[in-house]
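# Residue-level structural notes
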Amino acid sequence: MAAAEKIIEKGLKAALDLAASRPWSDIPLTDIAAKAKLSLSDFHGVASREDLVEALDGYFDKAMSAEGVPDEASPRERLFDVIMLRFEAMEPYRAGLVNIMKFRETSLTHVVRLPNHRHASAAWALASAGLDHDGGAPASLKRIGIALVIAQAERAWRRETSGDFALTMAALDKGLRRAEDRLGQFRRFTGRGPDNQKTEEKPA
């Protein structure tokens, strides 16, 4: 890992710890640096408070490729498994994450960039599940659908109180089933098969 990436990761973890008990808008970079056991100068030219907020989704996206998924699982099952890895990685930082997410939703600087982060999360979910190809539907269309699924599941995750991921898993499963249905409709409308090719009839 490059030095800059290490600083951002340490800074982000420190920021999440601090945000668990303080409003994000009240936390200066000096406190984040101290919590991360870094000097403020370590962040110069590397990361600001805004950069740490922008790094949030990408940091937890990496968890989706941490384990791999069995080849025999269905596409929906594979996506379910990799996206749940993301939420499991988020759980230890719940309090800080929720506070920063709330701040992000009220900040014009960050909210306008949120669709790009959703798109990137969806792209990595598909890649982690081995589904980042154009089979059945264009990969760009799949990314749009999965971005919506992740957003809906994240809203459910924020409402969790028991720690058993019941709401998250229900929302994720429902969203993926809907996406699967829409993909089926797309295939029927376009005549695309699961492997992106129409079945050719054998000559008599």
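Conventions we followed
- Every chain's residues receive numbers from 1 upward, in the order its sequence appears when written.
- Totals for whole chains, interfaces and linings use every residue, but because this is a predicted model, local features are given only for residues with pLDDT of at least 70 and side-chain atom pairs only at 80 or more, for both listing and counting.
- With hydrogens and water excluded, all non-hydrogen atoms of the structure serve as input to the side-chain values.
- Lines fitted to the C-alpha atoms define the axes, with helices restricted to the stretch that makes contact. Angles between their N-to-C directions range from 0 to 180 degrees.
- Strands here are runs of E lasting at least two residues and helices are runs of H or I lasting at least four, both read from the DSSP assignment and numbered beginning at the N terminus.
- With respect to orientation, any angle under 35 degrees is reported as roughly parallel, any angle over 145 as roughly antiparallel, any angle of 65 to 115 as roughly perpendicular, and every other angle as oblique.
- In this analysis, two residues are considered to be in contact whenever any of their non-hydrogen atoms come within 4.5 Å of each other.
- Any residue that is not Ala, Val, Leu, Ile, Met, Phe, Trp, Tyr, Cys, Pro, Asp, Glu, Lys or Arg is counted as polar, Gly included; the first ten are nonpolar and the last four charged.
- Residues form patches when they are more than 30% accessible in relative terms and have no salt bridge. Like charges link within 9 Å. Nonpolar side chains (Val, Leu, Ile, Met, Phe, Trp, Tyr) link within 5 Å.
- Per-residue and other accessible areas were derived by the Shrake-Rupley procedure at a 1.4 Å probe size, with only the shown protein chains allowed to occlude residues.
- By definition, a salt bridge exists where a carboxyl oxygen of Asp or Glu is found within 4 Å of a side-chain nitrogen of Lys or Arg.
- For every residue, the accessible area (1.4 Å probe, protein chains only) is compared with the maximum for its type, and the residue is labelled buried under 20%, exposed over 50%, or partly exposed between those bounds.
- We call a set of buried residues a nonpolar core when its members are Ala, Val, Leu, Ile, Met, Phe, Trp, Tyr or Cys and they connect through side-chain atoms within 4.5 Å of each other.
- Both cavities and pockets are sets of points on a 1 Å grid over the protein atoms alone; in a cavity a 1.4 Å probe fits but cannot get out, in a pocket the set is open with protein on both sides within 12 Å along at least five of seven lines, and lining residues sit with an atom within 4 Å of a point.
- Grid points are joined across faces, edges and corners, and a volume is the space filled by probe spheres set on the points.
- Stacked, edge-to-face and tilted labels apply to pairs of Phe, Tyr and Trp rings (six-membered ring for Trp) whose centres lie within 6.5 Å, assigned for plane angles under 30 degrees, over 60, and everything in between, in that order.

Another aspect to go through is the packing of helix H9 (residues 114-128) against helix H10 (residues 139-159). For the pair H9 and H10, interaxial distance at closest approach is 8 Å and the crossing angle is 110°. When the axes of H9 and H10 are compared, the pair comes out roughly perpendicular. Residue-level inspection shows Arg 118, His 119, Ser 121, Ala 122, Ala 123, Ala 125 and Leu 126 of H9 in contact with H10, the latter providing Ala 139, Lys 142, Arg 143, Ile 146, Ala 147, Ile 150, Ala 151 and Glu 154. When the residues that make up the contact of H9 with H10 are grouped by side-chain class, the tally is nine nonpolar, two polar and four charged.

Once that is clear, we can look at the environment of Phe 80. Tracing the sequence through the fold places Phe 80 in helix H6 (residues 75-90). Each C-alpha atom of the pair Phe 80 and Ala 156 lies 15 Å from the other, and the pair is 76 residues apart in sequence. Not counting the four nearest positions on each side in its chain, Phe 80 is found in contact with Met 169, Leu 172, Asp 173 and Leu 176.

So, on to a nonpolar patch on the surface. Taken together, the side chains of Leu 108, Val 111 and Val 112 present a nonpolar region at the surface, about 280 Å² in accessible area. Mapping Leu 108 onto the fold places it in helix H8 (residues 108-111). Leu 108 gets classed as exposed once you look at its relative accessible area, which sits at 65%.

Moving on, we get to the nonpolar core. One finds Ile 32, Ile 83 and Ile 146 to be the most contacted residues of the largest nonpolar core, which totals 49 residues. Among all residues touching Ile 146, those that are not within four sequence positions of it are Leu 79, Ile 83, Ala 122, Ala 125, Leu 126 and Leu 176.

Turning our eyes to something else, we now look at the layout of surface pockets. Each pocket or cavity is described by its volume, and for the largest pocket that value is around 580 Å³. Those elements that provide at least two residues to the lining of the largest pocket are H6, H10 and helix H11 (166-190). Looking at the lining of the largest pocket element by element, the count peaks at eight residues for H11. Looking at the lining of the largest pocket residue by residue, the class counts come to 14 nonpolar, five polar and six charged.

Glancing now at unusual backbone geometry. The phi angle at Lys 37 is positive, at roughly 60°, despite the residue not being glycine. Structurally, Lys 37 can be placed in the loop between helix H2 (29-35) and helix H3 (40-43). Residue Lys 37 is classed as exposed on the basis of its relative accessible area, which comes to 76%.

A word on the packing of helix H1 (residues 3-19) against helix H7 (residues 94-106). Relative orientation of the contacting elements H1 and H7 amounts to 90°, with a least axis distance of 7 Å. Relative to H7, H1 is oriented roughly perpendicular. From H1, Ala 15, Leu 16 and Ala 19 reach across to H7, where they touch Ala 95, Gly 96, Leu 97, Asn 99 and Ile 100. Along the lines of polarity and charge, the residues of the contact of H1 with H7 split into six nonpolar, two polar and no charged.

This part covers empty space enclosed by the protein. According to the stated counting rule, one finds two cavities of 30 Å³ or more in the structure shown. Roughly 40 Å³ of internal volume is contained in the largest cavity. Forming the walls of the largest cavity are Gly 145, Leu 148, Val 149, Gln 152, Gly 175, Arg 178 and Arg 182. Put simply, the parts of the chain that give the lining of the largest cavity at least two residues each are H10 and H11. Looking at the lining of the largest cavity element by element, the count peaks at four residues for H10. Tallied by class, the residues present in the lining of the largest cavity amount to two nonpolar, three polar and two charged. For the second largest cavity, the calculated volume is near 30 Å³.

What follows deals with the packing of aromatic side chains. Counted by the stated rule, this structure contains three aromatic pairs. Considering the side-chain rings of Tyr 59 and Phe 60, the 5.0 Å spacing of their centres and the 80° angle between planes classify their relative orientation as edge-to-face. There is no split in this pair, since Tyr 59 and Phe 60 are both buried.

Here the focus is the side chain of Asp 57. Residue position: Asp 57 is located in helix H5 (residues 56-61). Not counting residues up to four positions away in its chain, the partners in contact with Asp 57 are Arg 86, Arg 104, Leu 114, His 117, Arg 118, Ser 121 and Glu 154.

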